[in-house]
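Residue-level structure breakdown
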Amino acid sequence: MADWLRRIEQFNVWIGRAVAWLTLVMVLVTFAVVILRYWFDTGWIWLQESVNWMHAAVFMLAAAYTLAKDDQVRVDIFYREAGPRGRALIDAAGCLLFLLPFSIFLAWASWDYVATAWSIREGSREAGGLAYPAVPLLKTLIPFTALLLGLQGGVMLLRSLLRLSGRLPADAGPHDPIGPA
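Along its length, the protein carries four helices and zero strands. Of the regular secondary structure in the protein, the N- to C-terminal order runs α-α-α-α. Taking all 181 residues of the protein together, 38% fall into the buried category. Counting contacts in the protein only where the partners sit at least 6 residues apart, residues at least 24 apart contribute 70% of the total. Just so you have it, the protein exposes about 11,400 Å², and 69% of that area is on carbon and sulfur atoms. Side-chain charges of the protein comprise 15 positive and 14 negative groups, with the mean position of each set lying 5 Å from the other.

Time to look at the packing of helix α3 (residues 84-119) against helix α4 (residues 134-165). It is the contact of α3 with α4, at a shortest axis distance of 8 Å, that shows an interaxial angle of 160°. The angle between the axes of α3 and α4 places the two elements in the roughly antiparallel class. In terms of crossing hand, the pair formed by α3 and α4 is left-handed. Residues belonging to the contact of α3 with α4 are distributed by class as follows: 24 nonpolar, seven polar and four charged.

Here we take up the environment of L96. With respect to the helices, strands and loops of the structure, L96 is situated in helix α3. In contact with L96, not counting residues within four places along its chain, are P101 and L157.

What follows deals with α4. An ideal rise of 1.5 Å per residue puts 46 Å on 32 residues; α4 measures up with 47 Å between its terminal C-alpha atoms. G166 lies just past α4 and shows a positive phi near 85°.

Now for the confidence of the model for the protein. A residue-level look at the protein finds 91% of positions with pLDDT of 70 or above and a mean pLDDT of 88. Within the protein, no element has a lower average pLDDT than helix α2 (residues 45-68), which sits at 92, and none a higher one than α3, at 94.

Quick look at α2 now. Relative to the 34 Å expected for 24 residues at 1.5 Å per residue, α2 spans 36 Å between its end C-alpha atoms, a close match to the ideal helical length. In the structure, α2 departs most strongly from a straight axis at A62, where the bend amounts to approximately 40°. The first or second residue beyond α2 is D70, which carries a positive phi of 55°.

Before going further, it helps to spend a moment on the pattern of salt bridges. In this structure the tally under the stated criterion is three salt bridges. Where D3 meets R7, a salt bridge forms, and the shortest distance between an N and an O atom there is 3.0 Å. Note that D3 and R7 are positioned in helix α1 (residues 2-39) at a spacing of four residues, about one turn of the helix. Here R159 ties to E9 by a salt bridge, and the two come within 3.0 Å at their closest N and O atoms. One end of the pair, R159, is in helix α4; the other, E9, is in helix α1, with 150 residues separating them in the sequence. Here R159 matches E9 in class, with each residue buried.

Attention now moves to the packing of aromatic side chains. Describing an aromatic ring pair means giving the distance of the ring centres and the angle of the ring planes. Within this structure, the stated rule accounts for four aromatic pairs. Centre to centre, the rings of F105 and W108 are 6.0 Å apart; their planes meet at 45°, and the pair counts as tilted. In this pair, F105 and W108 both sit in helix α3, three residues apart, roughly one turn of the helix. The exposure class assigned to F105 is partly exposed, which follows from its relative accessible area of 48%. By relative accessible area, which is 64% here, W108 ends up exposed.

Rules of the game
- Residues numbered from 1 in each chain as written.
- Predicted model: local features only at pLDDT ≥ 70, side-chain atom pairs only at ≥ 80, totals over all residues.
- Heavy atoms only, no water.
- Helix = DSSP H or I, 4+ residues; strand = E, 2+ residues; numbered from the N terminus.
- Buried < 20%, exposed > 50% of the residue type's maximum accessible area, 1.4 Å probe, protein only.
- Contact = heavy atoms within 4.5 Å.
- Areas by Shrake-Rupley, 256 points an atom, 1.4 Å probe, with all protein chains shown as cover.
- Lys, Arg positive; Asp, Glu negative; His and termini not counted.
- Charge placed at Lys NZ, Arg CZ, Asp CG, Glu CD.
- Axes fitted to C-alpha atoms, helices over the stretch in contact; angles between N-to-C directions.
- Parallel < 35°, antiparallel > 145°, perpendicular 65-115°, else oblique.
- Left-handed = near helix turned anticlockwise from the far one by under 90°.
- Nonpolar A, V, L, I, M, F, W, Y, C, P; charged D, E, K, R; others polar.
- Expected span 1.5 Å × (residues − 1).
- pLDDT = per-residue confidence, 0-100.
- Bend = angle between axes of the 7 residues up to and from the residue.
- Salt bridge = Lys/Arg side-chain N within 4 Å of Asp/Glu carboxyl O.
- Phe/Tyr/Trp six-rings, centres within 6.5 Å; stacked < 30°, edge-to-face > 60°.

This is the structure:
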């Protein structure tokens with residue numbers, strides 16, 4: 001079981017590192033859009049839209065990576081002052097009460113939205129914008145994000161429960177092995 005949890009976390013980290021390269025691509029594409037517009041008095045709507053969609057992809061796909069690296073923004077009124085067991089309890093409660101229900105809701109709420117985009121072969125609303133299948137593919141990232149967040153939330157929850165049960169040292173870091181390698 002520990003091997004599966006480690007693989008899930010490694011997958012989320014791999015996705016986050018891979019999608020981070022889109023930020024460089026966004027900068028280069030934005031530079032190209034500006035050069036085309038102001039030096040050559042031309043431009044393409046699809047190129048401008050692609051920057052927005054890449055930003056959305058980075059934001060969505062890096063969310064589980066951020067959780068895996070324990071770099072998420074926390075309202076740490078209680079967390080900061082809590083000891084290792086208290087932090088494990090807060091993490092477990094946060095996963096059970098907020099993260100996992102949110103992931104389930106996001107997957108459920110986005111399912112019809114994404115299915116409709118595929119069924120109508122949706123393209124951009126702008127003339128010359130992104131064409132089919134780009135828009136449905138990008139919208140498919142929404143339930144995929146929910147899946148990645150849910151999987152990483154499960155890893156976090158199990159790690160917290162192992163800490164609370166004493167099967168993982170309470171002071172183990174967020175990236176310490178979950179079980180025997």
